[in-house]
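Tertiary structure, described
Spelled out from the first residue to the last, the chains are:
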Amino acid sequence: MSETRSDGDLLRAAADGDRRAFEELYRRFAPWLTARLRGRCADAAIVDDVVQETFLAIWRGKARYREDGDVAGWLWRIGSRRLVDALRGDGARGRLRQALARLRHRDEASAEERVLAGVEHGDLAGALVRLSPELRAVLQATVIDGLSTREAAVVLGIPPGTVKTRAMRARKQLREALA
């Protein structure tokens, strides 16, 4: 009977080139990461690519764990950032617009298209740019990435209370800027 290694032990061993540790880490976290990412992206192929890229970054030593946080939170941070990068890539907006056009059978702009147009050309983009990096990071984690306050605190390395305060300040500043 073999003993079960902690997440941190597996991660350290995988980073040192232990293939079995890497495989165990993958079996332990890939289904969870895939499910979380599919909640943010309906394209299973993109999600699968992002999960693979996340674990390849660990295997190749491009992602470094600081050993002071939750392994799942650390993996989520890598995966969610890679998903955002994948969705921001060439043609992502075009693919979204094409998908929306296929689903819609009328000529009026959908709510998604109006939001995209507002982000690209309207006051929302300017209001977001004017937020401090700390407030934007909290909005990214909680709104775009869909993290809970606790998860965002782990990812950002700040207390949960600070996440709540910054989110409240960001919403207030956005309301004022858009009024």
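Use the structure listed above.
This text gives an overview of the structure that appears in the document. (Residues numbered from 1 in each chain as written. Predicted model: local features only at pLDDT ≥ 70, side-chain atom pairs only at ≥ 80, totals over all residues. Heavy atoms only, no water.)

**Remarks on the overall build of the protein chain**
Secondary structure assignment for the protein chain yields 10 helices and 0 strands. Counting from the amino terminus, the protein chain carries its helices and strands in the arrangement α-α-α-α-α-α-α-α-α-α. Out of the 179 residues in the protein chain, the part that is buried amounts to 34%. Carbon and sulfur atoms make up 51% of the accessible area of the protein chain, which totals about 11,400 Å². (Helix = DSSP H or I, 4+ residues; strand = E, 2+ residues; numbered from the N terminus. Buried < 20%, exposed > 50% of the residue type's maximum accessible area, 1.4 Å probe, protein only. Areas by Shrake-Rupley, 256 points an atom, 1.4 Å probe, with all protein chains shown as cover.)

**Some points on the pattern of salt bridges**
Using the criterion set out here, one finds 8 salt bridges in the structure. With a closest N to O distance of 3.1 Å, E24 and R27 form a salt bridge. A residue pair is termed a helical-turn pair when its members lie 3 or 4 positions apart in one helix, as E24 and R27 do in helix α2 (residues 19-38) at 3 residues. Here R27 falls in the exposed class, since its relative accessible area comes to 54%. Here R38 and D48 are joined by a salt bridge, their closest N and O atoms 2.9 Å apart. Separated by 10 residues along the polypeptide, R38 in helix α2 and D48 in helix α3 (residues 44-59) bring together distant segments of the chain. (Salt bridge = Lys/Arg side-chain N within 4 Å of Asp/Glu carboxyl O.)

**Overview of helix α9 (residues 149-156)**
Turn by turn, an α-helix covers 3.6 residues, leaving residues three or four places apart pointing in a common direction. Among all positions of α9, only A152, A153 and V155 are buried. Buried residues of α9, viewed axially, fall in a sector of 165°; they line one side. With its phi angle positive at about 70°, G157 sits one or two positions after the end of α9. (Arc of directions from axis to C-beta.)

**Here's the deal with the environment of R136**
Within the secondary structure layout, R136 lies in helix α8 (residues 133-144). Along the primary structure R136 and A170 are separated by 34 residues, whereas in three dimensions their C-alpha atoms are 7.5 Å apart. Residues within four places of R136 in sequence aside, it is in contact with L128, V129 and L131. (Contact = heavy atoms within 4.5 Å.)

**Examining the side chain of S80**
For S80, the location among the structural elements is in helix α4 (residues 71-88). One polar contact links the side chain of S80 to the main-chain carbonyl oxygen of R77, over a distance of 3.3 Å. The residues contacting S80, other than those within four sequence positions of it, are L37 and D145. (Polar contact = N/O pair within 3.5 Å; in protein donor to acceptor, adjacent residues only side chain to side chain.)

**Description of the packing of aromatic side chains**
Overall, the coordinates contain 3 aromatic pairs when judged by the stated rule. With a centroid separation of 6.3 Å and an interplanar angle of 75°, the aromatic rings of F22 and F55 are classed as edge-to-face. Of this pair, F22 sits in helix α2 while F55 sits in helix α3, placing them 33 residues apart in sequence. Judged by centre distance (6.3 Å) and plane angle (80°), the rings of F29 and W32 are edge-to-face. Linking F29 with W32, this pair stays in helix α2, spanning 3 residues, or about one helical turn. On the accessibility criterion, F29 (8% relative accessible area) is buried. Judged by relative accessible area, which is 30%, W32 ranks as partly exposed. An aromatic cluster is defined as three or more aromatic residues linked by ring pairs; in this entry it consists of F22, Y26 and F55. Above the face of the W76 ring, R36 is positioned so that its terminal group lies 4.4 Å from the ring centre. (Phe/Tyr/Trp six-rings, centres within 6.5 Å; stacked < 30°, edge-to-face > 60°. Lys NZ or Arg CZ within 6 Å of the ring centre and 35° of its normal.)

**Comments concerning the nonpolar core**
Within the largest apolar cluster, 34 residues are counted, with the highest numbers of intra-cluster contacts made by L25, F29, L37, V51, F55, I58 and L75. Listed by contribution, the elements that provide at least two residues to this core are α1 (7-15), α2, α3, α4, α8, α9 and α10 (160-178). Once residues lying within four places of it in the same chain are set aside, the contact partners of F29 are D7, F55, V71, A72 and L75. Of all hydrophobic cores here, the second largest spans 6 residues; its members include A127, L131, L139 and L174. (Core = buried A, V, L, I, M, F, W, Y, C linked by side-chain atoms within 4.5 Å.)

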